[in-house]
Amino acid sequence: MRELSLHFLDIITNSIKADAKNIRFYIIVKDNVLNMEIIDDGKGMSEEFLEKVVDPFKTTRTTRNIGMGIPLLKQAAEAAGGKFKIESTLGKGTTVKASFILKHIDRAPLGNLADALIPVISENFDFFMHYEVDGEIFIFDTKEIKKMLDGVPIDSQEILAYLNGYLADNIKNINGGKIL
Amino acid sequence: MKSIEEIMAIRDKMKAQISNRDNADDSTETRIVVGLATCGIAAGAVPVFNAFVEEVQKRNLENVRVVRSGCLGMCKLEPMVEVFVPGEEKVTYVYITPDKVKKIMDDHIEKGKVCSEFLIQEA
């Protein structure tokens, strides 16, 4: 994948597939490191499966034995001088952490994070994002937005189109001219 | 810069539309399904998804929904899009790009004419 945003979207869709009701997504850029963390309260994985989860030929999918999302993220982090970690408890949820050295020549660009997040905004679960660059913070919380919408579905096309611009503006503002 | 308070105005406009639709039959809804598993994401399905959202919103099509799905089964043909029009057979488009979205919206969604050039072609 060409952009880190797409890797992150891919991992967030794993949380959705695991029936998570709350997904928390953190991006913190500080001291030349981009740290990413996704925490969900989905069904989690057994210890046995967790040991094999970075193997591209292991998946929860029953149709075929290929699952590339996690191995690709691990590879992208390690290629950029960073680290990858996954923790999971069956029945409680999963946490995925990855870090990337910002100025590493092999780090993929963050890319269009707003575009990548729009497909995962849904009435069916809550999504929280903490986006931080050099101490400047932007919080995006669909639980709060749903309260404001007062019954209008957050995943209706008008709202999604608006939120794309809202996310893009605020992320750009927090980046403060930096191209991540 | 867009602020979240602006969403209130959209909400109020939509509430009126929703109450107008309360008596409408859900089976009249057209669904545009974009495959967003690892294969679709890597092949470029995110801009395709957002292009459909933008076109549906611009055209003010109340009975059309753009939704995400997992792997649609033929990874090498991604980005793939399935269109479900009520009362008609499912149509599967392959190798879709944001440039092709407008034509699918113009011809298929608005006029009911399938874009045969974007279907799986015979070898």
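Please read these numbers as outputs of a predicted model, since none were measured by experiment. (Residues numbered from 1 in each chain as written. Chains lettered and ligands numbered in written order. Predicted model: local features only at pLDDT ≥ 70, side-chain atom pairs only at ≥ 80, totals over all residues. Heavy atoms only, no water.)

Draft legend 1. Representation of the overall build of chain A within the structure. Helix and strand counts for chain A stand at 6 helices and 6 strands. Traced from its N-terminal end to its C-terminal end, chain A shows the element sequence α-β-β-α-α-β-β-α-β-β-α-α. C-alpha extents for chain A along the principal axes are approximately 40 × 40 × 25 Å. Entry remark: accessible area of chain A is about 8500 Å², with carbon and sulfur atoms responsible for 50%. Distance between charge centres in chain A, computed from 22 positive and 26 negative side chains, equals 5 Å. (Helix = DSSP H or I, 4+ residues; strand = E, 2+ residues; numbered from the N terminus. Areas by Shrake-Rupley, 256 points an atom, 1.4 Å probe, with all protein chains shown as cover. Lys, Arg positive; Asp, Glu negative; His and termini not counted. Charge placed at Lys NZ, Arg CZ, Asp CG, Glu CD.)

Draft legend 2. Summary view of the nonpolar core. Core analysis: the biggest nonpolar cluster contains 90 residues, and Phe25(A), Met129(A), Tyr131(A) and Leu163(A) have the highest contact counts within it. With residues near it in sequence (within four places) discarded, Phe25(A) still touches Phe8(A), Ile12(A), Met36(A), Glu37(A), Ile38(A), Leu113(A), Leu117(A), Phe127(A), Phe128(A), Met129(A) and His130(A). (Core = buried A, V, L, I, M, F, W, Y, C linked by side-chain atoms within 4.5 Å. Buried < 20%, exposed > 50% of the residue type's maximum accessible area, 1.4 Å probe, protein only. Contact = heavy atoms within 4.5 Å.)

Draft legend 3. Structural context of the sheet that holds strand β1 (residues 30-35) of chain B. All names here are of chain B. The strand order across the open sheet formed by 4 strands is β2-β1-β3-β4, and the pairing between neighbours is mixed. Each of the sheet's edge strands pairs with one partner strand only, and the pair in question is β2 (64-69) and β4 (91-93). Within this sheet the neighbouring strands show an average axis-to-axis angle of 20°, counted without direction. With 4 bridges joining them, β1 and strand β3 (residues 81-84) adopt antiparallel strand pairing. Looking at the pairing, Val34 lines up with Val81 of β3. (Pairing = 2+ DSSP bridges. Axes fitted to C-alpha atoms, helices over the stretch in contact; angles between N-to-C directions.)

Draft legend 4. Layout of the interface of chain A and chain B. At the interface, 36 residues of chain A touch 35 residues of chain B. Taken together, chain A and chain B are joined by 1 salt bridge. Note that Asp150(A) and Lys15(B) form a salt bridge whose closest N and O atoms lie 2.5 Å from each other. Scanning the region where chain A abuts chain B turns up 8 residue pairs in polar contact (both at pLDDT 80 or more). Taken together, the elements giving at least two residues each to the side of chain A that touches chain B come down to α1 (4-17), α3 (69-79), α4 (113-117), α5 (142-149) and α6 (157-175) of chain A. With 13 residues, the top contributor of residues to the side of chain A that touches chain B is α6(A). For the side of chain A that touches chain B, a count of residues per class yields 20 nonpolar, 8 polar and 8 charged. (Salt bridge = Lys/Arg side-chain N within 4 Å of Asp/Glu carboxyl O. Polar contact = N/O pair within 3.5 Å; in protein donor to acceptor, adjacent residues only side chain to side chain. Nonpolar A, V, L, I, M, F, W, Y, C, P; charged D, E, K, R; others polar.)

Draft legend 5. View of the packing of helix α3 (residues 45-58) of chain B against helix α4 (residues 98-110) of chain B. Residues and elements named next belong to chain B. Taken N-terminus to C-terminus, the directions of α3 and α4 make an angle of 35°; their axes are 9 Å apart at the nearest point. Our pair here, α3 against α4, has a crossing hand that is right-handed. Across the interface between the two elements, Pro47, Val48, Ala51, Phe52, Glu55 and Val56 of α3 pack against Pro98, Val101, Lys102, Ile104 and Met105 of α4. Here the residues of the contact of α3 with α4 are counted per class, giving 9 nonpolar, no polar and 2 charged. (Left-handed = near helix turned anticlockwise from the far one by under 90°.)

Draft legend 6. The pairing of β1(B), seen in detail. Residues and elements named next belong to chain B. In terms of burial, β1 is a largely internal element, 5 of the 6 residues being buried. Bridge count for β1 against β2 is 6 bridges, and the pairing is parallel. Of the residues in β2, the one forming a bridge with Ile32 is Val66.

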